[in-house]
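# Residue-level structure breakdown
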Amino acid sequence: MFAKINNKKGQIGETLTWTVATIIIIVILAISILVVSFNFSSKKFVYDEHDLTVLKSMSAYLLTDGNYNKLSHGGDLETFNDNGLATKIFQDNYREDYPDYNRLGIVHDGGYVITDYLFFGTEEQYREAPTSYNLRTKEDTYILEEIKLNENQNFEFIGIKRRGS
Amino acid sequence: MKNCRGTDKILSVYWFAILFIVAGAIVYMAVLFYGEPYDLRKIETNLLSNQISNCISQGGVLKDNVFDEERKLKEDFDLVKECHLNFNVESYSNWKEQEQYYVKVSFYNFRSNSFLFDFPAVGNINLKDTCNDKGDNSPFCVEKSFYVIKGDNQYLIKILSIVRKTEKNVR
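Residues numbered from 1 in each chain as written. Chains lettered and ligands numbered in written order. Predicted model: local features only at pLDDT ≥ 70, side-chain atom pairs only at ≥ 80, totals over all residues. Heavy atoms only, no water.

## A look at a nonpolar patch on the surface
Short version of the rule: Residues qualify for a patch when their relative accessible area is over 30% and they have no salt bridge, like charges being joined within 9 Å and the nonpolar side chains of Val, Leu, Ile, Met, Phe, Trp and Tyr within 5 Å. Here, Shrake-Rupley sampling with a 1.4 Å probe gives the accessible areas, and only protein chains in the shown set may cover a residue. We count a salt bridge whenever a side-chain nitrogen from Lys or Arg sits within 4 Å of a carboxyl oxygen from Asp or Glu. Think of it this way: any DSSP run of H or I at least four residues long counts as a helix, any run of E at least two long counts as a strand, and we number them from the N terminus.
There is a patch of nonpolar side chains on the surface, built from A:Ile12, A:Leu16, A:Val20, A:Ile24 and A:Ile28 and spanning about 480 Å² of accessible area. Tracing the sequence through the fold places A:Ile12 in helix α1 (residues 2-40).

If you want it as structure tokens, here you go:
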């Protein structure tokens, strides 16, 4: 009699254990499916990190009014932008394409030292100073175009468009 | 002894059920992840813009092929022939009957911002009207512009590239 009751108790205990285990398995699976559907069901875009039209504009800018010679011999962008040419080309023209960050600059030593730049954006955007490594999502567009001015200096443009901007 | 065998059988049925549930969930997640197509139209439109910009300019200067004998810009410039564009598409849906591309190149005077002229547009002009439509069935439109010079003249060139192909890129 006691043996039968003990056996039943054991069976109930085992059934409970498996029921709880099943519920846990199903909950974990449901959470995984939810995470996958929320993160990946949106449109998948593939972006590249170069914009040939920006590079062409940069080349044309350097060829205008001898800007290449002036900049490669220590001139600064702000002085040459007195006529507003750089602003007109790189701000007015690419504001819609890269509304979240838009900077033209001269960098030294592979980009570690920025000596001179024209920033086309708000103060808040400037403070944030994003790089390709701290973008919010993979769907943000980050482009970096560079033209070598001389052995140490590069003329570069950085543009960022965040997802949904 | 008989009881034990019964419990074992129930347990193995239970394990099979769990196995199928887990496998089913993994398959479902894989389908969710890989089943959504990649939208490659942005790359296609960029390729079109790049091809055209390379065809009409080099190193920031307009190429000679866009000028006629009198050194005037060719207003009848044949984009398809000169830029080696190929708008052929695979036999899918009604793509053969309805062109899936549209390209227009416009010239502006950079200093005065005034419109000069368009090269003859190529492709399906109806796509242009649906550019601003919101929804998954609208075509992908990109307008790229760049600054270019020739001698003392400064131009702004705008290239509008449109790719439809919604059936394969959007679900």
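## Considering the nonpolar core
Our working rule: Within this scheme, the nonpolar core is defined by two criteria: the residues are buried Ala, Val, Leu, Ile, Met, Phe, Trp, Tyr or Cys, and they are joined through side-chain atoms within 4.5 Å. Relative accessibility thresholds used throughout: buried, under 20% of the residue-type maximum; exposed, over 50%; partly exposed, between the two (1.4 Å probe, protein chains only). Every residue pair with non-hydrogen atoms within 4.5 Å of one another is taken to be in contact.
The biggest cluster of nonpolar side chains holds 54 residues, and the ones touching the most others in it are A:Tyr61, A:Phe90, A:Phe155, B:Ile56, B:Leu79 and B:Val105. Residues contacting A:Phe90, with those up to four places away along its chain left out, are A:Val54, A:Ser57, A:Met58, A:Tyr61, A:Arg95, A:Asn102, A:Leu104, A:Phe120 and A:Phe157. In terms of nonpolar packing, the next biggest core, distinct from the first, is built from five residues, A:Phe119, A:Tyr142, A:Ile158 and A:Ile160 among them.

## Regarding the pattern of salt bridges
Side-chain pairs of opposite charge can arise where the charged atoms are in close proximity. This structure, assessed with the given rule, holds ten salt bridges over all chains. For the salt bridge of B:Lys144 with A:Asp51, the shortest nitrogen-to-oxygen distance reads 2.8 Å. One end of the pair, B:Lys144, is in strand β7 (residues 140-150); the other, A:Asp51, is in the loop between β1 (44-45) and α2 (52-63), on a second chain. For B:Lys165, the salt bridge is made with B:Glu44, and the minimal N-O distance between the two is 3.3 Å.

## Examining the interface of chain B and chain A
Our working rule: Pairing of N or O atoms within 3.5 Å defines a polar contact, subject to two protein rules: one partner must be a possible hydrogen donor and the other a possible acceptor, and residues neighboring in sequence count only if both atoms are side-chain atoms. Residues are grouped as follows: nonpolar covers Ala, Val, Leu, Ile, Met, Phe, Trp, Tyr, Cys and Pro; charged covers Asp, Glu, Lys and Arg; every other residue, Gly included, is treated as polar.
Contacts between the two partners involve 43 residues from chain B and, on the opposite side, 36 residues from chain A. Taken together, the links from chain B to chain A amount to one salt bridge. For the pair chain B and chain A, the number of links is eleven residue pairs in polar contact (both at pLDDT 80 or more). Looking at the side of chain B that touches chain A, the elements with two or more residues in it are α1 (2-35), β1 (38-39), α2 (41-56), β2 (57-58), β7 and β8 (153-163) of chain B. Per-element accounting of the side of chain B that touches chain A gives the leading share, twelve residues, to α1(B). Of the residues in the side of chain B that touches chain A, the class split is 25 nonpolar, eleven polar and seven charged.

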